[in-house]
Amino acid sequence: MSRRGDVLLVDGYNMIGAWPALQRLRDHDLEDARDALLDMLADYQGFTGMRVYVVFDAHQVPGLGAKYKQHEMVVVYTKEKETADECIERLVVDLTLRGRNIYVATSDMTEQHVAFGKGALRLSARELLIDIGQKQKQIQATLKEVETRPIKRNTVDGSLTLDVRARLEKWRRGDL
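Let me begin by describing the structure that accompanies this report. In this text the structure is predicted, and so the values were computed from the model without any measurement.

Some thoughts on the nonpolar core
Inference 1: With 24 residues, the main nonpolar core has Leu8, Leu37, Leu41 and Leu128 as its most contacted residues.
Inference 2: Elements supplying a minimum of two residues to this core: β1 (7–11), α1 (12–18), α3 (30–48), β2 (51–56), β4 (73–77), β5 (102–105) and α6 (125–148).
Inference 3: Among the elements that line this core, the one with the most residues is α3, at six residues.
Inference 4: Sequence-distant contacts of Leu41, that is, excluding residues within four places in its chain, are made with Val10, Val52, Val54, Met73, Leu128 and Ile132.

Next up, the structure:
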């Protein structure tokens, strides 16, 4: 789907509302749902090499908004009277560079069309969840492979001639 250096802009609350596990978590504790989403996206960013921005809608909350890094991702809380959609649209324009794809993950059809019109590629919440699941399976398979691989020491000693090893041993003992 993507290349290293590409950008993924995620409508955070849209994902929480669209992914069943996060919906259940949200119904109990919204902060836990946000944290779980950020953890999943951090793993995804680490595996894909994409730059991930997660935008949370705070347009009904007074204030200037906030932007910070978490797990090397950029997490944005919109400012007062700014929706996540407006922030994502602005980021699409700001982050567009030649040779880099910008993906917008949201299931809001209107936002998908607007982002597409600004040059971004659309990605539904369902498509992103499926891709994250596939990446998690690839990570697990790689870890399993590494665990079952015999440990092989890569020492310099095994590739040295007997003469060189003898010289190094004398040097180590201070006999040179």
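Additional details are given in the paragraphs that follow.
Structural notes on helix α5 (residues 109–117)
Inference 1: Where α5 is concerned, the buried positions are Glu111, Gln112 and Ala115. Looking down the long axis of α5, one finds its buried residues gathered within 105° of arc, a one-sided arrangement. Exposed and facing more than 90 degrees away from the buried side of α5 are Thr110 and Gly117.
Inference 2: On its buried face, α5 is in contact with α4 (84–95), β5 and β6 (121–123).
Inference 3: Between the side-chain oxygen at the start of α5 and the backbone nitrogen of Thr110 there is a gap of 3.0 Å, and the oxygen is on Asp108.

Some words on unusual backbone geometry
Inference 1: One non-glycine residue, Lys81, lies in positive phi territory at about 65°.
Inference 2: In this structure, Lys81 sits in the loop between β4 and α4.
Inference 3: For Lys81, a relative accessible area of 71% puts it in the exposed group.

Topic: the environment of Phe116
Inference 1: Within the secondary structure, Phe116 sits in helix α5.
Inference 2: Judged by its relative accessible area of 45%, Phe116 falls in the partly exposed class.
Inference 3: Each C-alpha atom of the pair Phe116 and Ile102 lies 9.6 Å from the other, and the pair is 14 residues apart in sequence.

A few points about a nonpolar patch on the surface
Inference 1: A surface patch of nonpolar side chains, amounting to about 310 Å² of accessible area, comprises Val164, Leu168 and Trp171.
Inference 2: Turning to its location among the elements, Val164 is positioned in helix α7 (residues 162–173).
Inference 3: Residue classification places Val164 among the partly exposed residues on the basis of a relative accessible area of 33%.

A look at the packing of helix α2 (residues 20–28) against α3
Inference 1: Packing of α2 against α3 brings their axes to within 6 Å, and their N-to-C directions diverge by 150°. The pairing of α2 with α3 is recorded here as roughly antiparallel in orientation. Along the contact surface, α2 presents Leu22, Leu25, Arg26 and His28, while α3 presents Leu30, Asp32, Ala33, Ala36 and Leu37.
Inference 2: Taken together, the residues of the contact of α2 with α3 sort by class into six nonpolar, one polar and two charged.

Overview of the pattern of salt bridges
Inference 1: If you walk through the whole model with that rule in mind, you get six salt bridges.
Inference 2: Among the ionic pairs, Glu82 bridges to Arg90, the shortest N-O distance being 3.1 Å.
Inference 3: Taking the shortest distance from any N to any O, the salt bridge between Lys135 and Asp131 comes out at 3.1 Å. Residue Lys135 and its partner Asp131 are located together in helix α6, separated by four residues, close to a single helical turn.
Inference 4: In this structure Lys135 comes out as buried when scored by relative accessible area, which is 15%.
Inference 5: Judged by relative accessible area, which is 8%, Asp131 ranks as buried.
Inference 6: Salt bridges sharing common partners tie together Glu169, Arg172 and Arg173.

Quick notes on the rules
Sequence order sets the numbering: in each chain, residues are counted from 1 along the sequence as written. The model is predicted, so local features are restricted to residues of pLDDT at least 70 and side-chain atom pairs to those at 80 or more, both for listing and for counting; the totals for chains, interfaces and linings are taken over all residues. With hydrogens and water excluded, all non-hydrogen atoms of the structure serve as input to the side-chain values. What we call a nonpolar core is a set of buried Ala, Val, Leu, Ile, Met, Phe, Trp, Tyr and Cys residues that are connected through their side-chain atoms within 4.5 Å. When a residue's accessible area, from a 1.4 Å probe over protein chains only, is under 20% of the maximum for its type it is buried; when over 50% it is exposed; and in between it is partly exposed. Numbering of helices and strands runs from the N terminus, with a helix taken as a DSSP run of H or I at least four residues long and a strand as a DSSP run of E at least two residues long. In what follows, residue pairs with any heavy atoms lying within 4.5 Å of each other are defined as contacts. In this description, the arc belongs to the directions extending from the helix axis to the C-beta atoms. Under this definition, polar contacts are N or O atom pairs within 3.5 Å; protein pairs additionally need one hydrogen-donor-capable and one acceptor-capable atom, and for neighbouring residues in sequence, both atoms have to be side-chain atoms. For patches, a residue must show more than 30% relative accessible area and have no salt bridge; joins then use 9 Å for like charges and 5 Å for nonpolar side chains, namely Val, Leu, Ile, Met, Phe, Trp and Tyr. Per-residue and other accessible areas follow the Shrake-Rupley method at a 1.4 Å probe size, with only the shown protein chains counted as cover for residues. Any carboxyl oxygen of Asp or Glu within 4 Å of a side-chain nitrogen of Lys or Arg constitutes a salt bridge here. Fitted lines through C-alpha atoms serve as axes, helices being fitted only where they are in contact, and the angles separating the N-to-C directions of these axes extend from 0 to 180 degrees. Reported orientations rely on four angle classes, namely roughly parallel under 35 degrees, roughly antiparallel over 145, roughly perpendicular from 65 to 115, and oblique for the rest. Here the term charged refers only to Asp, Glu, Lys and Arg, the term nonpolar to Ala, Val, Leu, Ile, Met, Phe, Trp, Tyr, Cys and Pro, and the term polar to all other amino acids, Gly among them.

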